[in-house]
Amino acid sequence: MASAKVLQEKQAYVAALTEKINGAVAGVIVDYSGISVADDTALRRKLREAGVDYAVVKNTMLKRAAEAAELNGLDDVLEGTTALALSNDYVAAAKILCEYAEGKDNFKVKAGFMDGEVIDAGKVVELSKLPSKEGLLSMLLSVLNGPIRGLAVALNAIAEKEPAEEAAPAEAPAEAPAEAPAAE
């Protein structure tokens with residue numbers, strides 16, 4: 001039986017993990033078995049640069065933290081080796097981990113969650129194919145800037161055309177012949 005000190009440490013760990021899960025907008029659970037130390041180091045560096053919190057977790061601890069965070073439906077994926085990536089960006093963790101898993105047989109995405117809802121591995125892959133927040137913002141700004149750019153081009157074309165018209169001599173319009181009064 002576990003001593004009181006060990007039990008308290010485990011409870012504190014679960015509480016901290018629950019707080020991290022609740023603080024993240026998205027998370028991805030992966031099976032990392034068999035990756036080399038060099039690959040793991042490179043993956044961790046890339047995740048850290050993207051602001052993703054990545055750690056190996058024990059399945060029982062993650063199960064308890066997920067229950068406390070009200071993430072139901074993860075029990076069936078919490079087997080074998082498990083690592084958890086938490087992010088405040090919806091697509092960052094999914095994008096990096098799915099990209100890494102593409103060519104690897106020994107690294108696979110198990111499941112994930114987004115805004116407190118559990119999603120399966122297929123949805124995590126779909127999520128990874130979305131543009132990043134910065135990409136979406138640049139697309140939005142481009143769409144919003146389009147009409148303004150069009151107006152500027154049209155005004156510039158009008159401004160360039162007017163001086164050319166002023167330089168040409170103006171011809172007086174021919175007067176229309178007066179109609180004869182109608183006989184009454």
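All figures in this text were calculated on a predicted structure; none of them were measured in a lab. (Residues numbered from 1 in each chain as written. Predicted model: local features only at pLDDT ≥ 70, side-chain atom pairs only at ≥ 80, totals over all residues. Heavy atoms only, no water.)

A.B. asks: Honestly, helix α1 (residues 4–23) in this entry has me stumped. Any pointers?
C.D. replies: Compared with an ideal rise of 1.5 Å per residue, which puts 20 residues at 28 Å, α1 spans 28 Å between its outermost C-alpha atoms and is within 8% of the ideal. Along α1, the positions that sit buried rather than exposed are V14, L17, T18 and I21. Viewed along the axis of α1, the buried residues span an arc of 105°, placing them on a single side of the element. Residues of α1 that are exposed and angled more than 90 degrees away from the buried face: A4, K5, Q8 and E19. (Helix = DSSP H or I, 4+ residues; strand = E, 2+ residues; numbered from the N terminus. Expected span 1.5 Å × (residues − 1). Buried < 20%, exposed > 50% of the residue type's maximum accessible area, 1.4 Å probe, protein only. Arc of directions from axis to C-beta.)

A.B. asks: Please clarify how the side chain of N59 should be interpreted in this entry.
C.D. replies: With respect to the element layout, N59 can be found in helix α3 (residues 59–68). Sequence-distant contacts of N59, that is, excluding residues within four places in its chain, are made with L78, E79, G80 and T82. (Contact = heavy atoms within 4.5 Å.)

A.B. asks: Help me understand the sheet that holds strand β4 (residues 108–114) in this model?
C.D. replies: Sheets are built from strands paired through backbone hydrogen bonds, the pairs being either parallel or antiparallel. Taken in spatial order, the five strands of this open sheet run β2-β3-β1-β4-β5, and their pairing is antiparallel. On the outer flanks of this sheet lie β2 (53–56) and β5 (117–120), each paired with one strand and no other. When strand polarity is set aside, the average angle formed by the axes of neighbouring strands in this sheet is 20°. With respect to the sheet, helix α5 (residues 121–128) is in contact with β1 (26–31), β4 and β5, its orientation differing from that of β5 by roughly 90°. (Pairing = 2+ DSSP bridges. Axes fitted to C-alpha atoms, helices over the stretch in contact; angles between N-to-C directions.)

A.B. asks: Explain the packing of helix α4 (residues 92–101) against α5 to me, please; I cannot follow it from the model alone.
C.D. replies: Packed helices, taken two at a time, are described by their axes: the angle between them and the distance between them. For the pair α4 and α5, interaxial distance at closest approach is 8 Å and the crossing angle is 105°. Accordingly, the angle class assigned to the pair α4 and α5 is roughly perpendicular. Of the residues in α5, those touching α4 at A94, K95 and C98 are V124, V125, L127 and S128. Each residue belonging to the contact of α4 with α5 can be placed in one class, and the counts come to five nonpolar, one polar and one charged. (Parallel < 35°, antiparallel > 145°, perpendicular 65-115°, else oblique. Nonpolar A, V, L, I, M, F, W, Y, C, P; charged D, E, K, R; others polar.)

A.B. asks: Looking at this structure, I do not really get the pattern of salt bridges. What am I missing?
C.D. replies: Proximity of charged atoms lets side chains of opposite charge pair with each other. The tally for this structure, following the rule as stated, stands at three salt bridges. The partner of K20 in a salt bridge is D53, and the shortest N-O contact between them spans 3.3 Å. With K20 in helix α1 and D53 in strand β2, the pair connects residues that are 33 residues apart, well separated along the chain. Taking the relative accessible area as the measure of exposure, D53 reaches 34% and is therefore partly exposed. The closest approach of N and O atoms between K46 and E99, which form a salt bridge, is 2.8 Å. With a gap of 53 residues between them, K46 in helix α2 (residues 37–49) and E99 in helix α4 connect regions that are remote in the sequence. For K46, a relative accessible area of 39% translates into the label partly exposed. Looking at E99, the relative accessible area reads 47%, which means it is partly exposed. (Salt bridge = Lys/Arg side-chain N within 4 Å of Asp/Glu carboxyl O.)

A.B. asks: Teacher, can you tell me more about the packing of aromatic side chains here?
C.D. replies: A ring pair, where both rings are aromatic, is described by two values, the distance of the centres and the angle of the planes. By the definition in use, this model includes one aromatic pair. Arranged with centres 4.8 Å apart and planes meeting at 85°, the rings of Y100 and F107 form a pair that is edge-to-face. Across the pair, exposure class does not vary: Y100 and F107 are buried alike. (Phe/Tyr/Trp six-rings, centres within 6.5 Å; stacked < 30°, edge-to-face > 60°.)

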